[in-house]
Amino acid sequence: MIQGQSLVSLVTSYSFLNSTTLQITFPNTLPQNVNDSLRVYYQGIPINDGFGSFGLGTNSCTNNKVMWTLSEPYGARNWWPCKQTLDDKADSLDVIVTCPVPYRAAANGLLVTETTNPNNTKTYRWKHRYPIPAYLVAFAIADYQTYSNYVPVSGNPPIEVLNYVYQCNTTAATQTPNIIPIMQFFINKLGEYPYSNEKYGHAQCNFGGGMEHSTMSFMGSFSKFLMAHELAHQWFGDKITCGSWQDIWLNEGFATYMEGLTCEQGIGDNFWKDWKSGKISNVTSYNTGSTYVTDTTNVGNIFSNVLVYNKGALILHMLRWKLGDQVFFDGLHDYINDPQLSYNFAKSPDFKAVMEAASGINLTEFFNDWLYGQGFPNYNIQWSKDVNCNKVYVTITQTHSANQGIFFEMPVALRFTNGTVSDTIVFDQNSPLTTTFNHQLSFNPTSVSFDPDKWLCAKAVVTQVAFNNQRHIVWTGAQDNNWHNAANWDCGIPTALDDVTITDGTNACIIYNGNTADCKSLKVENSGSLTTQPHATLNIHN
Ligand SMILES: [Zn+2]
């Protein structure tokens, strides 16, 4: 039965377009730009699909029942009449639940009234006044104990974290305060907690992970990782919601990366380096598949731990590597506070556009390779050293794990060490044609490690090869302009085997009267200059 409120008329003309879509025909035409309302009366026992869209269980303390909803991605319509889309948010919400004493109901927003009824029941009325998509609307019922933690926020009132936990859960009270430094860190990085007029909260349920319902995450347990993940979703997922399930990495990859950042801050559940290594080794165990979800009919695809959560997080990590910390975090802050996207929806091109604006860099290639494309690079790195001047020669080639010919343009870091001194050199491999690099060190290296700070989602094989005496000698022009003065070169006077570059911005290079000079190849950069005096000879041997 459906009733048009202000028309105060009973709508009897409705039908189901299909098994999940209700079509209502109004008795009168509604005027444009006038608000109206509609009530849908419905009842029944919800079907339970997806991850368990309508869960029932018992809590281990009292053996009393527990009931919870978990609508993401397609389960909201199983238990309430809603517009189950990713292009429209309800602007506000009230959840009213009546249940027997001693049960309590947890839901989105603020608990505004708790009314005792004559029949030994209570009615809980929750009120949420922020835009919310259907899948984040939720309630849970159990005979909870409740308590609050408070997060001090500089210049603002503290944020309440309202915890609904099972009676016998005595560890939760020692765990939930860990949310305090985590929330302070997120606020510091991302800006204000998105629901600061209301609260944040946790409600315990009988499932393994957590679910980030706006202002009230449902939790199977209270590890720092899980609390950080669901809290991060209040920004990434709830404040800005993915505009399609294909773009779910904008929720899950981001929340996963925020977990990692708590490790970097020393307030998480793992060491930062171990967190990064763990994600890289997990993602590079699978050669194919893309983070952008191509088939969203399968819930398992949408929530792929490897591709969406972990590779999604590593995509952000690599974007940070490419752009640098300042630009990356400024861009992330711009994104989450973007007036067009805040409390609204975003798709991957929206995030890309914000990061391009923040960096001034075209990121089409990056997103095509890493987000829409499959797999990762397998690097083959060969290095040799010229001990005369501690110059190292590096050849970097890559193949594509998914064999689709994608070339990943990335900065590649190598750490050279002699056991006591080390130096990390970043080689920008920005084209398949760019394979050879060299760099002069201040010591004689004995070993090399690939990507020592764990920036790249990649595998690598590093091999030292014999130095073949084909050197790359660079003119530094330090004194007297003379080709034949070793002090003017970075690695001695060139021979017939050497590639030579006369660099930009250096003194002129002169082969003086009567002298003969040799090299294999010669490159004179823009403002570099080479003069051959009368009776001087330059032999280029290539
Ligand atoms: Zn998540």
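Residues numbered from 1 in each chain as written. Predicted model: local features only at pLDDT ≥ 70, side-chain atom pairs only at ≥ 80, totals over all residues.

A. Fine view of the overall build of the protein. Secondary structure assignment for the protein yields 10 helices and 33 strands. Its C-alpha radius of gyration of 31 Å places the protein more than 25% over the 24 Å reference for a compact globule of 542 residues. Seen through its C-alpha atoms, the protein measures out along the principal axes to roughly 110 × 55 × 45 Å. In the protein, buried positions account for 37% of the 542 residues. In the protein, of all internal contacts separated by at least 6 residues, the share reaching a separation of at least 24 is 60%. (Helix = DSSP H or I, 4+ residues; strand = E, 2+ residues; numbered from the N terminus. Rg over C-alpha atoms; globule rule 2.2 N^0.38 Å. Buried ≥ 20, exposed ≤ 12 C-beta atoms within 10 Å, placed from the backbone. Contact = placed C-beta atoms within 7 Å.)

B. Up close: the nonpolar core. Residues A106, A140, F218, L231, A232 and M318 are the most contacted members of the largest nonpolar core, which totals 111 residues. The dominant element in this core, judged by the number of residues it contributes, is helix 7 (residues 305–323), at 11 residues. Contact partners of F218, with chain neighbours within four places excluded, come to W68, L70, A138, A140, A203, C205, G210, M211 and H213. In this structure, I473, W483, W489 and I511 belong to the second largest nonpolar core, which totals 12 residues. (Core = buried A, V, L, I, M, F, W, Y, C linked by C-beta atoms within 7 Å.)

C. Inspection of the packing of helix 7 against helix 10 (residues 364–372) at higher detail. Where helix 7 meets helix 10, the axes come as close as 11 Å, and the angle between the chain directions of the two elements is 155°. Overall, the two elements helix 7 and helix 10 adopt an arrangement that is roughly antiparallel. You can see that helix 7 and helix 10 cross each other, and the crossing is right-handed. Only F366, W370 and L371 of helix 10 make contact with helix 7, whose side of the interface consists of I315, M318, L319 and K322. (Axes fitted to C-alpha atoms, helices over the stretch in contact; angles between N-to-C directions. Parallel < 35°, antiparallel > 145°, perpendicular 65-115°, else oblique. Left-handed = near helix turned anticlockwise from the far one by under 90°.)

D. View of the environment of F185. Tracing the backbone shows F185 in helix 2 (residues 179–190). Taking the C-alpha atoms as reference points, F185 and W489, 304 residues apart in sequence, are found 50 Å from one another. What F185 contacts, discounting residues up to four positions off in sequence, is T262, Q265 and I267.

E. Geometry of the confidence of the model for the protein. A residue-level look at the protein finds 98% of positions with pLDDT of 70 or above and a mean pLDDT of 95. When the criterion is pLDDT under 50, residues 1–8 qualifies, and its contacts beyond four places in sequence or with other chains add up to 23 contacts. (pLDDT = per-residue confidence, 0-100.)

F. Representation of the sheet that holds strand 28 (residues 499–502) within the structure. A sheet is described by the order of its strands in space; here 3 strands give the open sequence 27-28-31, paired in parallel fashion. Pairing within the sheet leaves two strands with one partner each, and these edge strands are strand 27 (472–475) and strand 31 (521–524). Looking at each pair of strands side by side, their axes are set apart by 15° on average, direction ignored. Summarising the sheet, strand 28 and strand 31 pair through 4 bridges and their orientation is parallel. In the sheet register, I502 faces strand 31, and the bridge partner there is V524. (Pairing = 2+ DSSP bridges.)

G. Representation of helix 3 (residues 224–235). With 12 residues, helix 3 extends 17 Å between its outermost C-alpha atoms, agreeing within 8% with the 16 Å of an ideal straight helix rising 1.5 Å per residue. Counting buried positions over the 12 residues of helix 3 gives 10, a clear majority of the element. Taken residue by residue, helix 3 has L226, M227, A228, H229, E230, L231, A232, H233, Q234 and W235 as its buried positions. Against the buried residues of helix 3 lie helix 2, strand 15 (200–204), strand 16 (210–211), strand 17 (217–219), helix 4 (249–264) and helix 8 (325–336). Downstream of helix 3 by a residue or two, G237 has a phi angle that is positive, lying close to 135°. (Expected span 1.5 Å × (residues − 1).)

H. Representation of the environment of E212. For E212, the position within the fold is in the loop between strand 16 and strand 17. Put simply, E212 and D499 are 287 residues apart on the chain and 59 Å apart in space, counted from C-alpha to C-alpha. Non-local contacts of E212, meaning those with residues more than four positions away in its chain, are made with S217, E230, H233, Q234, G237 and D238.

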